[in-house]
Amino acid sequence: VDLAVAWLGIQMDNPLINASGVMCRTVEELEALRHSAAGALITKSCTLEPRKGNPEPRYASTALGSINSMGLPNAGYRYYLDYARRYDHEHGKPLLMSVSGMSLEDNLEMMAAFDEAALPVLVELNLSCPNLPGKPQIGYDFEASARLLAEVSKVYRRPFGVKLPPYFDPVHFGEMADVLDGCPSIGFVTCINSIGNGLVIDLERESVVIRPKDGLGGIGGDYVLPTALANVREFARRLPGRHVIGCGGIRSGREAFMHILAGATVVQVGTCLYEEGPACLARIRDELVYLMQDKGYRTLTDFRGRLRTL
Ligand SMILES: O=C(O)c1[nH]c(=O)[nH]c(=O)c1Cl
């Protein structure tokens with residue numbers, strides 16, 4: 001069995017990447033990922049200036065997944081750009097960079113800086129952070145998304161990707177696919193970000209479990225798998241010439257297989273990585289190999305996008 005993937009000019013020996021935000025905020029965390037079984041790694045979404053993020057507790061796990069309202073804590077884009085400058089792109093694993101500006105101007109300033117640096121990285125522009133009080137998710141505003149992508153394409157002259165929030169209606173799948181179809185620079189879409197503004201309740205304490213936003217936060221883990229798979233399949237169908245990165249609910253080789261069957265080129269692991277640590281990537285990789293062997297598949301292309309309908 002061969003798990004190799006070649007896409008958008010990068011080669012990965014397996015399709016597993018961390019989800020942006022998990023185990024990727026500091027150089028130490030990124031180096032731990034680089035030494036893990038990950039096929040590639042992505043940095044925490046960065047902003048123009050460093051941010052402390054929301055007050056804690058801002059992350060909690062449950063039996064079925066996680067809730068977070070981190071508030072974009074990060075070291076600022078210069079820190080991640082510096083890491084990318086020192087990175088051994090030639091011999092190391094591919095490096096992806098997540099960008100999540102607090103405004104159009106901030107996004108343009110950061111993307112221009114990444115363009116100027118001309119590093120062999122892939123940029124994932126985050127349209128879907130659900131945890132900035134008072135700020136709507138760009139990904140749910142189709143005109144704002146189209147404007148942002150048109151402006152970014154002028155300052156960042158290479159293919160890049162977007163991190164999308166989950167959509168829940170075929171009309172919205174279509175409207176966002178039209179926006180992305182109209183932007184030739186989009187080489188990939190990552191589906192999905194956490195399901196925004198869920199509420200987890202601690203029954204004993206009769207209380208919420210995170211401090212920000214009176215307990216509201218993005219939901220990840222088992223809760224989101226069906227929604228993640230639907231978004232992967234719907235965007236892969238609507239954007240045949242672009243890659244889809246599957247993210248949401250992956251905690252074993254089984255869900256990784258499902259995402260690829262639904263059309264994902266590669267997949268990202270979030271909540272499971274946060275809870276279990278980088279060792280889960282080797283476990284998931286091996287589970288995927290065994291599952292492919294059981295099913296008689298030799299490569300990912302043997303089944304990618306071949307989800308049967310009834
Ligand atoms: O609160 C966060 O930092 C955060 N949390 C998420 O679940 N998704 C995001 O894109 C971001 Cl930016």
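Residues numbered from 1 in each chain as written. Predicted model: local features only at pLDDT ≥ 70, side-chain atom pairs only at ≥ 80, totals over all residues. Heavy atoms only, no water.

### Details of the overall build of the chain
We apply this condition: Working definition: helices are DSSP H or I runs of at least four residues, strands are E runs of at least two. Numbering for both runs from the N terminus. Put simply, the radius of gyration uses C-alpha atoms, and a globule should come to 2.2 Å times the residue count raised to 0.38. Exposed residues in this analysis have more than 50% of their type's maximum accessible area, buried residues have under 20%, and partly exposed residues fall in between, with area computed by a 1.4 Å probe over protein chains only. Contacts are assigned to residue pairs that have any heavy atoms within 4.5 Å of one another. Method for areas: the Shrake-Rupley scheme with a 1.4 Å probe, in which residue coverage is limited to the protein chains shown. His residues and chain termini do not enter the charge count, which takes Lys and Arg as positive and Asp and Glu as negative. One atom stands in for each charge, and that atom is NZ of Lys, CZ of Arg, CG of Asp or CD of Glu.
On a plain count of helices and strands, the chain comes out with nine helices and 16 strands. Rg of the C-alpha trace for the chain: 18 Å, near the compact-globule value of 19 Å for 310 residues, within the 12% margin. In terms of overall dimensions, the chain has C-alpha extents of about 55 × 50 × 40 Å along its principal axes. When burial is assessed residue by residue, the chain has 58% of its 310 residues classed as buried. Long-range pairs, those at least 24 residues apart, make up 73% of the contacts in the chain between residues at least 6 apart in sequence. Accessible area for the chain stands at about 13,500 Å²; split by element, carbon and sulfur atoms hold 52% of it. With 32 positive and 36 negative side-chain charges, the chain shows a separation of 2 Å between the mean positions of the two kinds.

### Quick notes on the pattern of salt bridges
When their charged atoms lie close together, side chains carrying opposite charge are able to pair. Rule in force here: Salt bridges are defined by distance alone: a side-chain nitrogen of Lys or Arg within 4 Å of a carboxyl oxygen of Asp or Glu.
Counted by the stated rule, this structure contains 15 salt bridges. Close ionic contact of R157 with D115 constitutes a salt bridge, the shortest N to O distance being 2.8 Å. Note that R157 is positioned in the loop between helix 4 (142-155) and strand 9 (160-164) and D115 in helix 3 (residues 104-117), a separation of 42 residues in sequence. Close ionic contact of K154 with E151 constitutes a salt bridge, the shortest N to O distance being 2.9 Å. Residue K154 and its partner E151 are both found in helix 4; the two are separated by three residues, about one turn of the helix. Within this structure, R233, E234, R237 and R238 form a network of salt bridges that share partners.

### Some words on the site of the ligand
Where we set the bar: Nearness is judged by heavy atoms alone; a residue qualifies as near a molecule or strand once a single heavy atom is within 4 Å of it. Under the rule applied, a polar contact is a pair of N or O atoms within 3.5 Å (in protein, one hydrogen donor and one hydrogen acceptor; residues adjacent in sequence only if both atoms are side-chain atoms). Each residue is assigned to one class: nonpolar for Ala, Val, Leu, Ile, Met, Phe, Trp, Tyr, Cys and Pro, charged for Asp, Glu, Lys and Arg, and polar for all the others, Gly among them.
In the vicinity of the ligand, the residues found are K44, N68, M70, G71, L72, P73, N126, C129, P130, N131, N193 and S194. The contact in question runs from an oxygen atom of the ligand to an N or O atom on the side chain of N131, over 2.9 Å. In this structure, S194 approaches the ligand through a side-chain N or O atom, which is 2.8 Å from an oxygen atom. Its free accessible area being 310 Å², the ligand has 91% of it covered by the protein chains. Considering only residue class, the shell around the ligand consists of five nonpolar, six polar and one charged.

### Details of the sheet that holds strand 9
For clarity, the threshold we go by: Pairing between strands requires that DSSP locate at least two bridges from one strand to the other.
Here we have eight strands laid out as an open sheet, ordered 3-16-15-10-9-8-7-4, and parallel in their pairing. Strand pairing shows two members of the sheet lacking a second neighbour, strand 3 (16-18) and strand 4 (41-42), which therefore form its edges. Pairing of strand 15 (residues 243-247) with strand 16 (residues 266-269), which is carried by three bridges, proceeds in the parallel orientation. By the bridge assignment for strand 16, G246 is matched with V267.

### Structural notes on the confidence of the model for the chain
We count it as follows: Per-residue confidence from the predictor is given as pLDDT, running between 0 and 100.
Looking at the chain, pLDDT values average 97 and 100% of them are 70 or higher. Two numbers describe this predicted complex: its pTM, 0.98, and its ipTM, 0.99.

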